[in-house]
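Chain residues, written in single-letter form:
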Amino acid sequence: MGAVLLRCLLVCVCALCVRATLPNQWTTACTTFMGSNDGACPVPKRYRAGMAIEAGRFLHIFGGTAGVVPRSDLWTYDTISEKWSLGASDWRENMTDWSLDVCDPRTNTVQPAPSIGPVVAPYTSGLLFVGGGQCGQSSGSWNSSAANNYWVYGRETQQWARTWTDVDKGRLPSTTNFTSVVHGHSLFMFGGVSTEDGSPKYSNDVWVIPQTTATGAQTPATAGAAIAAGRARLVVPSSNDRPPERCDHTAVVAGGQMLVFGGRNSQQVLDDLWAFDFGTTTWRKIEARGVGAPTKRFGHAAAVCRAAAPGMSDVVVVFGGHNGNIMLGSTVHAFSVGQETWLELEQSGDAPCKRKYSSMVCGPNGELWLFGGVDENGNVLNDLYRMF
């Protein structure tokens, strides 16, 4: 009894140090179609989709896959009106010459290439930065052409403008299952695995595509024209300390650094947490503290909930994944960036099932949004949950 009370006190104290409130109540915004359309999400089933919340209310979902073939449709959910809208159709509806490589940036002149695990990030109000990830062929082959293909999307105009392509800006490594984050309007990619030589080769490299801010841009066209994209380059850490090679990890930006958690390589499933400082290009391993540190996993989801008030800390939330033996998802873990302490969030309400490769973001009021993934029976999902 004393241990339980102490744990509760620790959680409460940590929660007060982190934010004014932490989410714990799950609700269902829409469900995966299981024989009835009542409350079903209109978004096709998928996993490893890109997701972002923009202007404090618009939830955008782009790309992903339900198997090998990737998608390039973009859907928007208005969290206030609770209405869905289709912003961009899938590439299959726009292709006219099927002899072309759908993963080649030169082919995709209307919208981004179909992409698995893309980055979706707010650029300015009404504009999204979209791209990256990897592109898969129906034959089962993979390449990274989608990773070299970046666009700006306008929510109100539903128009695309391409900002960067590797055709004349340099090739990126042909890896899959890496992560992409945006910091200062530049794109940073970490990790991944390559099978070009027939055997998996895992990476712990950081690549960057430097870009300048499109000041005053109001449309995708003006933003695309104003962005001065630099040549893709490998970031060489300024110290020898760096995380092990991995794929299927998560990476988020918080406190001026990229936080990388978990993943897997040929030897093990990981549970380590590393911080990459963008300014000094140094890595630092963060030793787990607290009573709620997540166990080893890959294919999990992570999101950053920003500090609710000055003096409080950003929080990184981790959910789901797989540990190599079983699917995870019965617990939600929160990491205080300022305190460098983990805690386990208490949950109530209609909680989502265990899953991997789902997408998760945090809204401006600290609410979590979780979409899609693959459940423990192999079913691909398209449900949307809110935790507040």
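See the structure shown above.
Residues numbered from 1 in each chain as written. Predicted model: local features only at pLDDT ≥ 70, side-chain atom pairs only at ≥ 80, totals over all residues. Heavy atoms only, no water.

Draft legend 1. Looking closely at the overall build of the protein chain. The number of helices and strands found in the protein chain is two helices and 30 strands. In the protein chain, which comprises 388 residues, the proportion classed as buried is 56%. Taking as baseline every contact in the protein chain between residues at least 6 positions apart, the subset at least 24 positions apart corresponds to 56%. Surface accessibility of the protein chain: about 16,300 Å² in total, with carbon and sulfur atoms responsible for 50%. (Helix = DSSP H or I, 4+ residues; strand = E, 2+ residues; numbered from the N terminus. Buried < 20%, exposed > 50% of the residue type's maximum accessible area, 1.4 Å probe, protein only. Contact = heavy atoms within 4.5 Å. Areas by Shrake-Rupley, 256 points an atom, 1.4 Å probe, with all protein chains shown as cover.)

Draft legend 2. Looking closely at the packing of aromatic side chains. In the structure shown here, the tally under the stated rule is 14 aromatic pairs. The interplanar angle of 90° and the centroid separation of 6.2 Å between the aromatic rings of tryptophan 26 and tyrosine 385 together place this pair among those described as edge-to-face. Here tryptophan 26 is found in strand E1 (residues 25-30), whereas its partner tyrosine 385 is found in strand E30 (residues 380-387), with 359 residues between them in sequence. Pairwise contacts between aromatic rings join Phe188, Phe190, Phe276, Phe278 and Trp283 into one cluster. When the ring centre of phenylalanine 58 is taken as origin, the NZ or CZ atom of arginine 155, which lies over that ring, is 3.9 Å away. (Phe/Tyr/Trp six-rings, centres within 6.5 Å; stacked < 30°, edge-to-face > 60°. Lys NZ or Arg CZ within 6 Å of the ring centre and 35° of its normal.)

Draft legend 3. Highlighting the sheet that holds strand E24 (residues 327-336). Spatial strand order, E22-E23-E24-E25: four strands in an open sheet with antiparallel pairing. With partners counted over all chains shown, the strands left at the sheet margins are strand E22 (301-305) and strand E25 (341-345), one partner each. Averaged over all pairs of adjacent strands, the angle between their axes in this sheet comes to 25°, without regard to strand direction. (Pairing = 2+ DSSP bridges. Axes fitted to C-alpha atoms, helices over the stretch in contact; angles between N-to-C directions.)

Draft legend 4. Region of the structure containing the side chain of serine 358. If you trace the backbone, serine 358 turns up in the loop between strand E27 (355-356) and strand E28 (359-362). Overall, serine 358 belongs to the buried group, its relative accessible area being 10%.

Draft legend 5. Structural context of the nonpolar core. If you look at the biggest cluster of nonpolar residues, it comprises 17 residues, and the most contacted ones within it are Trp26, Val317, Val332, Met360 and Leu368. Elements represented by at least two residues in this core include exactly E22, strand E23 (315-322), E24, E25, E28, strand E29 (368-375) and E30. Apart from the residues lying within four places of it in its own chain, the contact partners of methionine 360 are Met51, Ala301, Ala302, Ala303, Val317, Val318, Phe319, Leu368, Trp369 and Leu370. Core analysis: the next-biggest nonpolar cluster, separate from the first, contains 15 residues, Ala49, Ile53, Ile61 and Val361 among them. (Core = buried A, V, L, I, M, F, W, Y, C linked by side-chain atoms within 4.5 Å.)

Draft legend 6. Representation of the pattern of salt bridges within the structure. According to the stated counting rule, one finds ten salt bridges in the structure shown. Salt bridges sharing common partners tie together Arg46, Arg71 and Asp73. (Salt bridge = Lys/Arg side-chain N within 4 Å of Asp/Glu carboxyl O.)

Draft legend 7. Layout of the sheet that holds strand E17 (residues 233-235). Pairing in this open sheet of four strands is antiparallel, and the strands run E12-E13-E16-E17 from one edge to the other. Edge positions in the open sheet fall to strand E12 (179-183) and E17, since each of these has one partner strand only. Geometrically, the sheet is characterised by an average inter-axis angle of 30° between neighbouring strands, direction not taken into account. In terms of strand pairing, strand E13 (residues 186-190) meets strand E16 (residues 206-209) through four bridges, oriented antiparallel.

Draft legend 8. Broad picture of the state of the cysteines. Here the structure, examined in full by the defined rule, presents two disulfides. Sulfur-sulfur distance for the disulfide between cysteine 30 and cysteine 41 comes to 1.6 Å. On the sign convention where negative is left-handed, the bridge of cysteine 30 and cysteine 41, at about 85° about the S-S bond, is right-handed. With cysteine 30 in strand E1 and cysteine 41 in the loop between E1 and strand E2 (50-54), this residue pair connects regions lying eleven residues apart in the sequence. Its relative accessible area of 5% is what places cysteine 30 among the buried residues. (Disulfide = S-S within 2.5 Å.)

Draft legend 9. Representation of empty space enclosed by the protein. Throughout the structure, instances matching the rule amount to one cavity of 30 Å³ or more. Of the pockets and cavities examined, the largest cavity occupies roughly 40 Å³. Taken together, Thr250, Ala251, Val252, Leu259, Phe261, Leu273, Ala302, Val316 and Val318 make up the lining of the largest cavity. Those elements giving two or more residues to the lining of the largest cavity turn out to be strand E18 (250-254), strand E19 (257-264) and E23. (1 Å grid on protein atoms, 1.4 Å probe; cavity = no way out; pocket = protein on both sides within 12 Å on 5 of 7 lines; lining within 4 Å. Points joined across faces, edges and corners; volume = space filled by probe spheres on them.)

By themselves, these are just geometric observations and shouldn't be taken as functional.
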